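The primary structure of each chain is shown beneath.
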Amino acid sequence: LRHDEGEIVVPGPVLTDPSVITRPVDLVFLAVKTTQNAYSAGWLRALCDEHTVVCALQNGVEQKAQLAPLVNGATVLPSVVWFPAQREPDASVWLRAKPRLTLPDVAQRVVEALRGTRCDVEFSTDFTTVAWRKLLQNAVAGLMVLANRRAGMFRREDISELALAYLREGLTVSRAEGAKLDDAVAEEILANFQRAPVDLGTSILADRQADRPMEWDIRNGVIQRYGRRHGIAVPISDVVVPLLAAGSEGPG
């Protein structure tokens, strides 16, 4: 892990076989892509029971629904992860700003586990709004995949206009889902990308460039799905989502 003050090599042990787990644990941090959830099922069965809390360090607004069938009766605690990091070609991770977690409820196990670490923990009384705001940020980052460019592309006028239109489409859907987000959020999210270092990437772009499956459904497809559920027109999603799906899954 590389950060402004130096480097950290994460200490072991690193386990690679869930059969070595002999009993459930109190707290699990699940920090894999949603495209890898099914591959985590064996670990979750071994690590979890009805007394376990699984803190989902994952994108999207559907963490509970996606993980409930896999966690052996454990409590799934969704989170919003503010972890501005990118994976480097040498398999290191570059942490580009201070990380934090937003949780819907006071979770003492999580607070205790992260006490004294670099990662702050905060709580929100309106978690739906926070989660949808982060989802909109993730969704518009999907445009980077289609352009095969990093954050600097948002300084283009044409990309800015497209991004704002897409964000406003997502805002309409988020409000139908109960998020309290005003119109200024679209401009704020775009401005954050425009102020970012031009070489700032995103995990979905890294997955595309490495030809790995992408989290297009829980970052972008969700806007299309929920929009249709509420009878909201989502014309930009209807273009963006099929292109991301094809880029992730082929064929061809």
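Preceding block: the structure.
I will try to describe carefully the structure that is included in this document.

1. Side note on the sheet that holds strand S6 (residues 80–82)
- Read across the open sheet, the three strands follow the order S6-S9-S10; overall the sheet is mixed. Of all the strands in the sheet, just S6 and strand S10 (120–123) have a single pairing partner and so form its edges. On average, each strand axis in the sheet is tilted by 20 degrees relative to the strand beside it, whichever way the strands run.
- Judged from the four bridges that link them, strand S9 (residues 100–103) and S10 form a sheet pairing that is parallel. What sits directly across from leucine 101, in S10, is valine 121.

2. A closer look at the sheet that holds strand S5 (residues 75–78)
- Spatial ordering of the open sheet is given by S3-S4-S5, a layout of three strands whose pairing is parallel. The open sheet terminates on both sides in strands that have one partner only, identified here as strand S3 (27–30) and S5. For this sheet the average axis-to-axis angle between neighbouring strands, irrespective of direction, equals 25 degrees.
- Note that S3 and strand S4 (residues 53–56) share four bridges and pair parallel. Counted as the bridge partner of phenylalanine 29 is cysteine 55 from S4.

3. A look at the pattern of salt bridges
- Going through the model one piece at a time under the given rule, you end up with 16 salt bridges.
- For the salt bridge of arginine 208 with aspartate 211, the shortest nitrogen-to-oxygen distance reads 3.8 Å.
- In this structure arginine 208 comes out as partly exposed when scored by relative accessible area, which is 31%.
- The class for aspartate 211 is exposed, based on a relative accessible area of 63%.
- Taken together, the salt bridges that share partners define one network made up of Lys33, Asp207 and Arg212.

4. Regarding the side chain of glutamate 169
- Secondary-structure assignment places glutamate 169 in helix H5 (residues 157–176).
- The charged side chain of glutamate 169 is buried without a salt bridge, its nearest counter-charge being arginine 228 at 9.4 Å.
- Setting aside chain neighbours within four positions, we find glutamate 169 in contact with Ala233, Val234, Pro235, Ile236 and Ser237.

5. A few points about a nonpolar patch on the surface
- The grouping of Leu146, Val239 and Leu243 at the surface amounts to a nonpolar patch, some 260 Å² of accessible area in total.
- Within the fold, leucine 243 resides in helix H9 (residues 237–249).
- On the basis of relative accessibility, which here comes to 47%, the residue leucine 243 falls in the partly exposed class.

6. Things to note about the packing of helix H4 (residues 127–147) against H9
- The N-to-C vectors of H4 and H9 enclose an angle of 55 degrees; their axes lie 10 Å apart at closest approach. With respect to H9, the axis of H4 lies oblique. At the point where H4 passes H9, the crossing takes the left-handed sense. Packed against H4, whose contacting residues are Gly142, Leu143, Val145 and Leu146, the element H9 presents Val240, Leu243 and Leu244 at the interface.

7. Examining the nonpolar core
- Membership of the largest hydrophobic core comes to 39 residues, with the highest contact counts inside it found for Trp132, Val140, Phe154, Tyr166 and Ile223.
- Sort the elements by how many residues they give to this core and H4 lands first, with nine residues.
- Residues within four places of phenylalanine 154 in sequence aside, it is in contact with Val140, Met144, Ile159, Ser160, Ala163, Leu190, Phe193 and Gln194.

8. Focus: helix H8 (residues 216–229)
- In a regular helix each residue adds 1.5 Å, so 14 residues correspond to 20 Å; H8 covers 18 Å between its end C-alpha atoms and thus fits that length.
- The largest bend in H8 is about 45 degrees, located at valine 222.
- Extensive coverage of H8 is indicated by the burial of ten of its 14 residues.
- Along H8, the positions that sit buried rather than exposed are Trp216, Ile218, Arg219, Asn220, Gly221, Val222, Ile223, Gln224, Tyr226 and Gly227.
- Contact partners of the buried residues in H8: helix H2 (63–67), H4, H5, helix H7 (203–209) and H9.
- Among the residues trailing H8, glycine 231 stands out with phi positive, at a value near 70 degrees.

9. Here's the deal with the packing of aromatic side chains
- Within the structure shown, the criterion is met by two aromatic pairs.
- Centre to centre, the rings of tryptophan 132 and tyrosine 226 are 5.9 Å apart; their planes meet at 55 degrees, and the pair counts as tilted. Of this pair, tryptophan 132 sits in helix H4 while tyrosine 226 sits in helix H8, and the two are 94 residues apart along the sequence.
- A relative accessible area of 7% means that tyrosine 226 is categorised as buried.

Cut-offs used in this document
- Residues numbered from 1 in each chain as written.
- Predicted model: local features only at pLDDT ≥ 70, side-chain atom pairs only at ≥ 80, totals over all residues.
- Heavy atoms only, no water.
- Pairing = 2+ DSSP bridges.
- Helix = DSSP H or I, 4+ residues; strand = E, 2+ residues; numbered from the N terminus.
- Axes fitted to C-alpha atoms, helices over the stretch in contact; angles between N-to-C directions.
- Salt bridge = Lys/Arg side-chain N within 4 Å of Asp/Glu carboxyl O.
- Buried < 20%, exposed > 50% of the residue type's maximum accessible area, 1.4 Å probe, protein only.
- Lys, Arg positive; Asp, Glu negative; His and termini not counted.
- Contact = heavy atoms within 4.5 Å.
- Patch = residues over 30% accessible without salt bridge, like charges linked within 9 Å, V, L, I, M, F, W, Y side chains within 5 Å.
- Areas by Shrake-Rupley, 256 points an atom, 1.4 Å probe, with all protein chains shown as cover.
- Parallel < 35°, antiparallel > 145°, perpendicular 65-115°, else oblique.
- Left-handed = near helix turned anticlockwise from the far one by under 90°.
- Core = buried A, V, L, I, M, F, W, Y, C linked by side-chain atoms within 4.5 Å.
- Expected span 1.5 Å × (residues − 1).
- Bend = angle between axes of the 7 residues up to and from the residue.
- Phe/Tyr/Trp six-rings, centres within 6.5 Å; stacked < 30°, edge-to-face > 60°.

Geometry only, nothing functional implied.
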